[in-house]
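Coordinate analysis (summary)
Listed below are the residues making up each chain.
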Amino acid sequence: MKRGDSLYRRLLAWLLLPLLILGSLILLQAWIEARRTADRAFDRLLEAASLAIAEQVQWQDERLWLDLPPAALDMLATDAEERVFYSLVDSRGHTITGNADLPGDTRQDGSDDDTLLYRDISWQGLSLRQGVRRTRLEDWQLREPFEVRVAHSREGRDALAAELWRGNLTMILAMAALAIVALLLSIRAALAPLTRLRRAIRRRDPRTLAPLELQLPRELAELRDTVNELLARMRRVRANQERFIGDASHQLRTPLSGLSARAELALRQDDPARWREALVAMQATSTRTARLAMQLLSLTRLANPEYRPELAPLDLNAIAREAVREHWSACHRVGVDLGVETAATQVEIQGIDWQLAEAIGNLIDNACRYGACHVTVKVEEQPPSLAVEDDGPGIPAERRRLMLRPFHRDHEDLEGSGLGLAIVDGIARAHGARLTLSEGPGSRGLRVALFFPGDTR
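So, how was this worked out
- Residues numbered from 1 in each chain as written.
- Predicted model: local features only at pLDDT ≥ 70, side-chain atom pairs only at ≥ 80, totals over all residues.
- Heavy atoms only, no water.
- UniProt positions renumbered as here; feature names shortened; annotations may be inferred.
- Pairing = 2+ DSSP bridges.
- Helix = DSSP H or I, 4+ residues; strand = E, 2+ residues; numbered from the N terminus.
- Axes fitted to C-alpha atoms, helices over the stretch in contact; angles between N-to-C directions.
- Core = buried A, V, L, I, M, F, W, Y, C linked by side-chain atoms within 4.5 Å.
- Buried < 20%, exposed > 50% of the residue type's maximum accessible area, 1.4 Å probe, protein only.
- Contact = heavy atoms within 4.5 Å.
- Phe/Tyr/Trp six-rings, centres within 6.5 Å; stacked < 30°, edge-to-face > 60°.
- Expected span 1.5 Å × (residues − 1).
- Bend = angle between axes of the 7 residues up to and from the residue.

By the naming in an unreviewed UniProt entry, the protein is histidine kinase, taken from Halomonas aquatica. The UniProt entry for the protein carries this comment under Catalytic activity (unreviewed entry): "ATP + protein L-histidine = ADP + protein N-phospho-L-histidine." Word for word, the UniProt comment on the protein under Subcellular location (unreviewed entry) is "Membrane".

Shown next as structure tokens:
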């Protein structure tokens with residue numbers, strides 16, 4: 001929908017369009033009926049005039065004779081000053097009398113009955129309405145057939161049709177105005193609940209996520225329920241965020257308090273050896289705290305729905321080799337055998353290199369922290385997957401899903417943040433990958449695998 005568009009204007013336009021079409025049809029029908037009414041009225045005059053002329057036709061001196069009464073044509077003369085024409089024609093088509101040689105009835109049905117034909121003709125550049133009466137003399141000695149042809153111009157008909165149409169137009173316009181007013185009021189009344197919903201949302205405190213309690217029609221009630229469902233999800237998200245912030249604060253407060261205590265204790269000592277011991281402990285604590293802060297930042301960024309970096313073609317073999325090369329020295333210092341097994345061919349996926357490297361790093365770090373002696377990073381081609389296997393104590397099957405929660409640790413005696421698997425789970429979701437936790441080789445240790453959607457080569 002375009003900016004500035006209005007539901008009120010859209011409804012008005014869609015409802016006015018059929019009204020305009022219907023109104024146009026009504027106006028057209030009113031004009032047609034006005035013409036028909038005017039034609040019927042003036043055709044009656046043509047009928048009366050032709051009948052009046054036919055009644056005056058007589059047989060004298062072996063021929064038809066007409067004594068035309070003035071009233072026979074005066075009835076066709078109106079204020080519109082039409083031109084009136086007539087003619088009397090015998091059975092052989094000869095004009096006996098009249099003021100114009102009008103065309104006759106072309107029907108050849110041979111009927112002796114008194115018949116009358118109405119038609120529109122064009123005669124000498126004039127548009128005329130003609131009435132042709134075919135009849136015969138009603139005499140006991142002679143029944144001579146003849147035709148009375150009467151025609152007049154259309155000024156009076158057109159004037160009467162226009163007058164009738166103007167009268168209908170006034171009524172139609174008045175009804176249209178009432179219909180438009182009723183339509184406007186109806187649309188406003190129909191949209192009033194939507195206005196109430198908008199005002200209720202606008203008046204709400206932006207800090208509250210309480211559900212909307214507003215009586216609305218069924219269609220808007222569905223919208224209200226959808227908004228309430230969204231608010232419920234937002235409440236759950238906010239609760240999770242608050243819990244995460246509380247857990248993060250607790251996790252950071254503990255090492256920071258330890259640093260402060262170590263520093264205070266060292267200041268009370270005069271022995272340089274104690275100072276060195278305190279500095280070593282402080283350095284280890286600060287390292288763990290820095291890693292915790294980085295993990296918190298990574299988890300927060302992965303949980304942000306607005307953060308959607310573009311995926312690029314990557315080779316899992318290269319990612320795995322680089323991660324092992326980066327962590328090999330640290331693993332070697334603590335006596336952990338770190339290795340990599342790559343696929344025979346290039347395994348290309350759509351992904352983000354630094355996220356996958358961080359996922360591998362977290363899994364290697366977890367394996368080292370929880371007592372593994374051998375850690376292997378594996379890449380498989382069908383289906384495209386990346387796995388980290390270790391021979392450590394592993395995780396019981398019933399607790400594996402719990403380990404994906406932030407700050408959940410399986411071994412409380414070991415120093416760890418409980419964020420490693422949560423970050424790996426977030427990275428898997430960002431890549432559309434399926435994360436699985438299972439037993440390692442020989443039913444020992446842990447195997448964490450990411451199965452990607454497919455090879456994009």
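1. Focus on the sheet that holds strand β7 (residues 145-153)
In spatial order, the strands read β4-β3-β7-β6-β5; together these five strands make up an open sheet with antiparallel pairing. Two strands bound the open sheet, and with one partner strand each, they are β4 (95-98) and β5 (115-123). Across the sheet, the axes of successive neighbouring strands diverge by a mean angle of 20 degrees, strand direction being ignored. Across seven bridges, the pairing between strand β3 (residues 84-90) and β7 is antiparallel. For Phe85, the partnering residue across the bridge sits in β7 and is Ala151.

2. Describing the nonpolar core
Within the largest apolar cluster, 38 residues are counted, with the highest numbers of intra-cluster contacts made by Leu356, Val375, Val377 and Phe452. Where this core is concerned, the elements lending two or more residues are α6 (316-333), α7 (353-369), β11 (374-380), β12 (385-390), α8 (420-430), β13 (434-439) and β14 (446-451). Discounting residues that sit within four places of it in the chain, Phe452 has contacts with Leu316, Ile349, Leu356, Pro384, Ser385, Leu386, His431 and Ala433. Counting residues in each nonpolar core, the second largest holds 15 residues, with Ala49, Leu64, Leu88 and Phe146 among its members.

3. Some words on the sheet that holds β11
Strand order in the open sheet made by the five strands is β9-β11-β12-β14-β13, with mixed pairing throughout. The strands lining the two open edges of the sheet, one partner per strand, are β9 (337-341) and β13. Strand-to-strand twist across the sheet, computed as the mean angle between neighbouring axes with direction ignored, equals 15 degrees. Pairing of β13 with β14 involves six bridges; the strand directions are antiparallel. Its bridge partner being in β14, Thr436 is matched across the sheet by Ala449.

4. As for the pairing of strand β6 (residues 126-136)
Burial runs high along β6: nine of the 11 residues are buried. Here β5 pairs with β6 via nine bridges, running antiparallel. Pairing of Tyr118 across the sheet is with Gly131, part of β6. One ladder, built from nine bridges, connects β6 with β7; its direction is antiparallel.

5. Topic: the packing of aromatic side chains
For the structure shown, the criterion picks out two aromatic pairs. Consider the rings of Trp31 and Trp165, whose centres lie 6.0 Å apart with planes at 85 degrees: the pair is edge-to-face. Separated by 134 residues along the polypeptide, Trp31 in helix α1 (residues 7-55) and Trp165 in helix α3 (residues 155-203) bring together distant segments of the chain. We classify Trp31 as partly exposed; its relative accessible area is 33%. Note on Phe85 and Trp123: the rings are 5.2 Å apart at their centroids and 65 degrees apart in plane angle, and the pair reads as edge-to-face. Remark: Trp123 occurs in strand β5 and Phe85 occurs in strand β3; sequence separation between them is 38 residues. Each of the two residues, Phe85 as well as Trp123, counts as buried.

6. Let's talk about α3
Its 49 residues give α3 an end-to-end C-alpha distance of 68 Å, which sits within 8% of 72 Å, the value for a rise of 1.5 Å per residue. Maximum bend of α3: about 40 degrees, positioned at Ala192, with proline Pro193 one to four residues after it. Residues of α3 that are buried include every one of Gly156, Arg157, Ala161, Ile172, Leu183, Ile187, Leu191, Pro193, Leu197 and Ala200, and no others.

7. Some thoughts on the pairing of β14
Of all six residues in β14, six are buried, a share of seventy percent or more. Burial along β14 is two-sided: Leu446, Val448 and Leu450 and Arg447, Ala449 and Phe451, pointing in opposite directions, are all buried. For β12 and β14, the ladder comprises six bridges, and the chain directions are antiparallel. From the neighbouring strand, Ala387 faces β14, where its bridge partner is Ala449. From the end of β13 to the start of β14, which pair antiparallel, there are six residues, and Gly442 there has a positive phi angle of about 70 degrees.

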